[in-house]
Amino acid sequence: MSEPFIRIENLVKAYQRDTQTLTVLSGLNLAVDAGEFLALMGPSGSGKTTLLNLIAGIDRPTSGRINVGGKEIDGMGEAGLAKWRSRNVGFIFQLYNLVPVLTAFENVELPLLLTDLPRARRRKQVELALSIVGLTDRMDHYPRQLSGGQEQRVAIARAIATDPKLLVADEPTGDLDVKSGEEVLVLLERLNEEFSKTIVMVTHDPRAASRAHRLVHLDKGVLKEDIRAEGGKKEVGMAAAIAASAGFEPNP
Amino acid sequence: MRFFPLIFKNILRKRTRTALTIASIVLPLLVICLMGTFLKALDSPGSGATRGMFRLVVRHKVSLTNTLPKAYEEKIRQLPGVLAATNFNWFGGKYIDASARNIFIRFSVEPESFLQVFDDAEIVAGSVKDWLSDRTGALVGTNLAAKYGWKVGDRVVLQGDIFPINLELTIRALYTLPTGSSATLFFDRKYIDEAFPSFKGQVFTVWIKAKDAAAAERLPKQIDAMFENSPYPTKTETEKEFQNGFVSMLGNVKLLITSIGAIIVFVILLIAANTMSMAARERVTEIAVLRTLGFTRPKILGLILGESFVIALFGGLLGVLLFVAAEPSLKRQLMLTPMSSLVASMHVYPAILAFAFAVAAGVGLVAGIVPAVRSSTRSIADGLRQVA
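Residues numbered from 1 in each chain as written. Chains lettered and ligands numbered in written order. Predicted model: local features only at pLDDT ≥ 70, side-chain atom pairs only at ≥ 80, totals over all residues.

Observations regarding the overall build of chain B
- Scanning chain B from N- to C-terminus turns up 16 helices and twelve strands.
- Taking the principal axes of the C-alpha coordinates as reference, chain B spans close to 95 × 45 × 35 Å.
- Counting the 388 residues in chain B, one finds 39% classified as buried.
- Taking as baseline every contact in chain B between residues at least 6 positions apart, the subset at least 24 positions apart corresponds to 81%. (Helix = DSSP H or I, 4+ residues; strand = E, 2+ residues; numbered from the N terminus. Buried ≥ 20, exposed ≤ 12 C-beta atoms within 10 Å, placed from the backbone. Contact = placed C-beta atoms within 7 Å.)

See below:
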């Protein structure tokens, strides 16, 4: 049996709030295979985003181990983690988080500025990423000149510009209408299938979760359910997603 | 280098604010350049000394308003190392009215000896002969003539106050000095002596042309020692020291100007720091996203400091260039005032420009440090959380 792409062991994350200690994740164990499309669901405060941040190396665990792509990231220093993120992780946010003063091209180029690639190679990479998301014709547009769906597609292009193996998405459809949300989900599926990206997606939306291969349901910092697609299907399906989301109120 | 476009785009994000911040640096920097240049001009050696003029001024030790016996002038003239001596006598009075705009320096002198001490004065219109032959004639500096549009042959009426007499003078010649300080009106003291016989035998100041630098250094002590125990003790100083004495009448001007300069620097530092803090606060999430993408703390620090530095440098450059452009016309205006002798040696000093530019650069760095450190050390998760 091959080594999982993401391996999490006894993960604990606690925050100190004045005199109180708030434990968000308590001894979590999780393994995600390479090429898997995983949806993280759970009520607000269940620890989904915290887990995502820990997997992506933008937060540090209180204890426990996190291995991503064969690299133990829990013990890495600040600079090492930054370098690791720039090469291995693509981020997709609910509110796109594009830099408003940069064009679509320049936004996608941002992570490439941290590489040693010369200008011509960077340009090629950006054009490739924008062509994958179908926005080559909008590369000179500023975020304010794009629709929400287009902004999110630019954000996805930025996430894949350095060709990372892992994509983490925090509510990628949370701020989109149904049509744009569907386009983003199709795009994520394509990145997973055609480009073998491992995707970890936090979502409240059963429609989005239903497209994942696997659905992990967190509650109060512990893994409550771990549902995988069955019967030869790729996706966990709407029924499982709705069942997983039952019992918690989605964020507005 | 590859991050420069990002820095510039961030600077242009709020154009009005950036423009106002730059303006808040430009204007104080102009003042710093002006004050620094003025201080430097005060400190620079008299241009006469550098050209071998070595002029000294003897006055009453107590005050400029106390007179000296005219006999002192003759005694001084006999001293070794004195090439020539003359006397200057303040007339005061008013021209047109008593407003500050119409105040200029008016001295009664003895024309022959005056021209010996000021043999560097160039007559550019009229003639010395005409001035010497007309008891009511006046020798006027070109700057002063230009201010009032006077020309040779024009009549100038001065209403007296210390000497209650209305002088009716005719301009007989225009002079200019190599220093450019040419904003004084000189007329023959015989005019005063005839109207006020009691003033005969008195002088306000004695001006000396020393033979050389050694004489110029020796003579002040020698002259002051000579009259130390007389009823009219003297104070002898170089022409430059004498002129700077007028500035010191206002108090410790150098300390005052330096203090004002320091306050100005501190104020622009606060303004720039506030602007940079606002700019960084508005972009907490954006900075967190950049760090998520792999921008390290030093890179974020560099980006924020870079913005602050570029804004300050641009403001500094603009301030310095504006001063360089404005200095000649500013000097022209000052040369028309009684301050002309003080500002005559004023010019654009590269050291002052460099200092002003360094102040701007320093302000840029210091103003950016706090927001830059805060932005780069804030937890990414906290920064991202501000989205929701």
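Some words on the overall build of chain A
- Counting its secondary structure elements, chain A contains eight helices and ten strands.
- Here chain A has a C-alpha radius of gyration of 18 Å; the compact-globule value for 252 residues is 18 Å, and the two agree.
- Each principal axis of the C-alpha distribution contributes one length, and for chain A these read about 45 × 45 × 40 Å.
- Residue burial in chain A is summarised as follows: out of 252 residues, 51% are buried.
- A separation of at least 24 residues holds for 68% of the contacts in chain A among residues at least 6 apart in sequence. (Rg over C-alpha atoms; globule rule 2.2 N^0.38 Å.)

Considerations on the sheet that holds strand S1 (residues 6-17) of chain A
Residues and elements named next belong to chain A.
- Pairing is antiparallel in the open sheet, where four strands are placed in the order S2-S1-S4-S5. Among the strands making up the open sheet, the edge pair consists of strand S2 (20-32) and strand S5 (71-72).
- With two bridges joining them, strand S4 (residues 63-68) and S5 adopt antiparallel strand pairing. Paired with Asn 67 across the strands is Glu 72, a residue of S5. (Pairing = 2+ DSSP bridges.)

Things to note about the interface of chain B and chain A
- Each side of the interface is counted separately: chain B has 18 residues, and chain A has 19 residues.
- For the side of chain B that touches chain A, the secondary structure elements donating two or more residues are helix H1 (4-11), helix H12 (284-292) and helix H16 (380-385) of chain B.
- With five residues, H12(B) is the single largest residue contributor to the side of chain B that touches chain A.
- The residue makeup of the side of chain B that touches chain A, split by class, is seven nonpolar, five polar and six charged. (Nonpolar A, V, L, I, M, F, W, Y, C, P; charged D, E, K, R; others polar.)

Thoughts on the pairing of strand S9 (residues 184-188) of chain B
All names here are of chain B.
- Counted residue by residue, S9 has five buried out of five residues, so it is predominantly covered.
- Note: strand S6 (residues 137-141) against S9, three bridges, orientation antiparallel. Note that in S9 the partner of Leu 139 across the bridge is Phe 186.

What about unusual backbone geometry?
All names here are of chain A.
- Phi angles above zero are rare outside glycine, and Asp 163 is one such case at about 55°.
- Within the fold, Asp 163 resides in the loop between helix H5 (148-160) and strand S7 (166-170).
- Phi angles above zero are rare outside glycine, and Lys 220 is one such case at about 50°.
- Secondary-structure assignment places Lys 220 in the loop between strand S9 (214-219) and strand S10 (222-228).

A word on the nonpolar core
- Core analysis: the biggest nonpolar cluster contains 113 residues, and A:Leu38, A:Leu40, A:Ile55, A:Ala157, A:Val168, A:Met201 and A:Leu215 have the highest contact counts within it.
- With nine residues, helix H13 (residues 297-335) of chain B is the largest single contributor of residues to this core.
- Setting aside residues no more than four positions away along its own chain, A:Met201 makes contact with A:Leu38, A:Ala39, A:Leu40, A:Ala169, A:Pro172, A:Ala208 and A:Ala212. (Core = buried A, V, L, I, M, F, W, Y, C linked by C-beta atoms within 7 Å.)

Side note on the environment of A:Asn88
Residues and elements named next belong to chain A.
- Along the chain, Asn 88 falls in helix H2 (residues 78-88).
- C-beta crowding within 10 Å serves as the criterion here: with 19 such atoms nearby, Asn 88 is assigned to the partly exposed category.
- Note: C-alpha distance between Asn 88 and Thr 162 (74 residues apart in sequence) is 8.0 Å.
- Each residue touching Asn 88, except ones within four places of it in the same chain, is listed here: Val 68, Gly 69, Pro 164, Lys 165 and Leu 166.

A word on the sheet that holds S9(A)
Residue and element names in this part refer to chain A.
- Ordered by their spatial adjacency, six strands build an open sheet running S6-S7-S8-S3-S9-S10, and the pairing between neighbours is mixed. Each having just a single partner strand, strand S6 (89-92) and S10 make up the two edges of the open sheet. Taking the axes of each pair of neighbouring strands and ignoring which way they run, one obtains an average angle of 20° across the sheet.
- With four bridges joining them, S6 and S7 adopt parallel strand pairing. Counterpart to Ile 92 in the pairing with S7 is Ala 169.
- Together, S6 and S7 form the strand contacts of H5, whose direction differs from that of S6 by roughly 170°. (Axes fitted to C-alpha atoms, helices over the stretch in contact; angles between N-to-C directions.)

Points about H1(B)
All names here are of chain B.
- Along H1, the residues that are buried comprise Leu 6, Asn 10 and Ile 11. End-on, the buried residues of H1 take up no more than an arc of 135°, which puts them together on one face.
- Buried residues along H1 sit in contact with helix H2 (15-43) and H13. (Arc of directions from axis to C-beta.)

So, the packing of helix H11 (residues 253-281) of chain B against H13(B)
Residues and elements named next belong to chain B.
- H13 packs onto H11 with a crossing angle of 140° between their chain directions and a minimal axis gap of 11 Å. In terms of their interaxial angle, H11 and H13 are classed as oblique. Two packed elements cross with a definite hand, and for H11 against H13 that hand is right-handed. Judged by residue contacts, Ala 272, Met 276, Ala 279 and Ala 280 of H11 engage Ile 304, Glu 307, Ser 308 and Ala 312 from H13. (Parallel < 35°, antiparallel > 145°, perpendicular 65-115°, else oblique. Left-handed = near helix turned anticlockwise from the far one by under 90°.)

A closer look at H2(A)
- Those residues of H2(A) lying buried are A:Leu81, A:Ala82, A:Arg85 and A:Ser86. Projection of H2(A) onto a plane perpendicular to its axis shows the buried side chains occupying an angular sector of 135°, all on one side.
- Contacts from the buried residues of H2(A) go to S6 of chain A together with H12 of chain B.

Some remarks on the pairing of strand S3 (residues 82-90) of chain B
All names here are of chain B.
- Two elements, S3 and strand S11 (residues 205-210), share six bridges in a ladder whose sense is antiparallel. Residue pairing in the sheet places Asn 87 in a bridge with Val 206 of S11.
- One ladder, built from three bridges, connects S3 with strand S4 (residues 105-109); its direction is antiparallel. If you follow Asn 89 over to S4, its bridge partner there is Ser 108.

Considerations on the confidence of the model for chain B
- Overall, the predicted model of chain B reaches an average pLDDT of 87, with 94% of residues at or above 70.
- With pTM at 0.73, the complex prediction returns an ipTM value of 0.91. (pLDDT = per-residue confidence, 0-100.)

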